[in-house]
Amino acid sequence: MSTSPIPIVALAGNPNTGKTTLFNRLTGAQGRVGNYPGVTVELSQAPLDLGAEAGVVELVDVPGSYSLVARSREEQVAIEALLGLRGGLSRPALVVFCVDATNLSRNLYLVLQAQELGLNLVVALTMVDEAGDCAERPEALAQLLDCPVVPVVARTGTGVAPLKRAIAAQLGKNAEVRMRFEPSAGLRAHIARVRAAFPASWPSSDGLALWALMSVDDGDELALPDAVRAAVRQAIPDAETG
């Protein structure tokens, strides 16, 4: 008998993209509501049956966020949940990103950041009924992003079955880090400095180091290891002076 833990699938996206409605549609509104460990940020999770191919996974509703560049503790919960950095929650095997078909430019920013972090993902293209003929073709978007894209209307359940099949097919696949720009030599040095300060439990990721460089400042509320914060502070003055 297998004793492997149940895989975690995270549901993420911008606020007001139909994420909660999709969570309820996928799970039959059987979610358990509590808090993320150590903070008063609501955590909803529920089992999701993907059928014989993939079995049952645990679906976790990640707090809505416009960006993975965090300033508040609530925003930090999102990236910690996606990377498995928050105690009590494992790193998701897959992330389903809800992307509003009526506002692709704003919504895809989060998806591109996730790919820079090397996350395995599927895009649920929501609000396609509202976008109508203006909605981007899922096939074209999938080719551009190099990941599955499934149109859904969570309110009616349209597309939910194909989405579940896409999740099942994508589980277990190895995602590659996709950096869509070439860092300068100076930025590569700053990234390497910050990455070297990561705790052993953190993934050695250039994307995560870039997130730290963009997120840490004097006014943030982030709970980070002192070594990571110090490495960022050493790098930022260097960047400002050239």
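Caption draft 1: Layout of the packing of aromatic side chains. As enumerated under the stated definition, the model contains one aromatic pair in all. An angle of 55° between the planes, with centres 5.1 Å apart, marks the rings of Phe198 and Trp202 as tilted. The same class applies to Phe198 and to Trp202, which are both buried.

Caption draft 2: The pattern of salt bridges, seen in detail. Here the structure, examined in full by the defined rule, presents four salt bridges. For the salt bridge of Asp61 with Lys19, the shortest nitrogen-to-oxygen distance reads 2.5 Å. Of this pair, Asp61 sits in strand 4 (residues 56-61) while Lys19 sits in helix 1 (residues 19-27); the two residues are 42 residues apart in sequence, bridging distant segments of the chain. A relative accessible area of 10% means that Asp61 is categorised as buried. Between Arg137 and Glu139 there is a salt bridge, with its nearest N and O atoms 3.8 Å apart.

Caption draft 3: Structural context of helix 6 (residues 160-170). Those residues of helix 6 that sit buried are Val160, Leu163, Ala166, Ile167, Ala168 and Gln170. On its buried face, helix 6 sits against strand 1 (8-13), helix 1, strand 5 (94-100), strand 6 (121-126) and strand 7 (149-151). Once helix 6 finishes, Gly172 follows within two positions and takes phi at roughly 85°, a positive value.

Caption draft 4: Here's a closer look at the nonpolar core. Residues Leu82, Phe97 and Val194 are the most contacted members of the largest nonpolar core, which totals 48 residues. No other element matches the six residues that helix 8 (residues 206-215) contributes to this core. Ignoring any residue separated from it by four or fewer positions in sequence, one finds Phe97 in contact with Ala12, Gly13, Leu82, Leu110, Val111, Ala114, Leu121, Val122, Val123 and Ala124. Counting 24 residues, the second largest nonpolar core, distinct from the first, contains Leu22, Val160, Ala166 and Leu171.

What counts as what
Residues numbered from 1 in each chain as written. Predicted model: local features only at pLDDT ≥ 70, side-chain atom pairs only at ≥ 80, totals over all residues. Heavy atoms only, no water. Phe/Tyr/Trp six-rings, centres within 6.5 Å; stacked < 30°, edge-to-face > 60°. Buried < 20%, exposed > 50% of the residue type's maximum accessible area, 1.4 Å probe, protein only. Salt bridge = Lys/Arg side-chain N within 4 Å of Asp/Glu carboxyl O. Helix = DSSP H or I, 4+ residues; strand = E, 2+ residues; numbered from the N terminus. Contact = heavy atoms within 4.5 Å. Core = buried A, V, L, I, M, F, W, Y, C linked by side-chain atoms within 4.5 Å.

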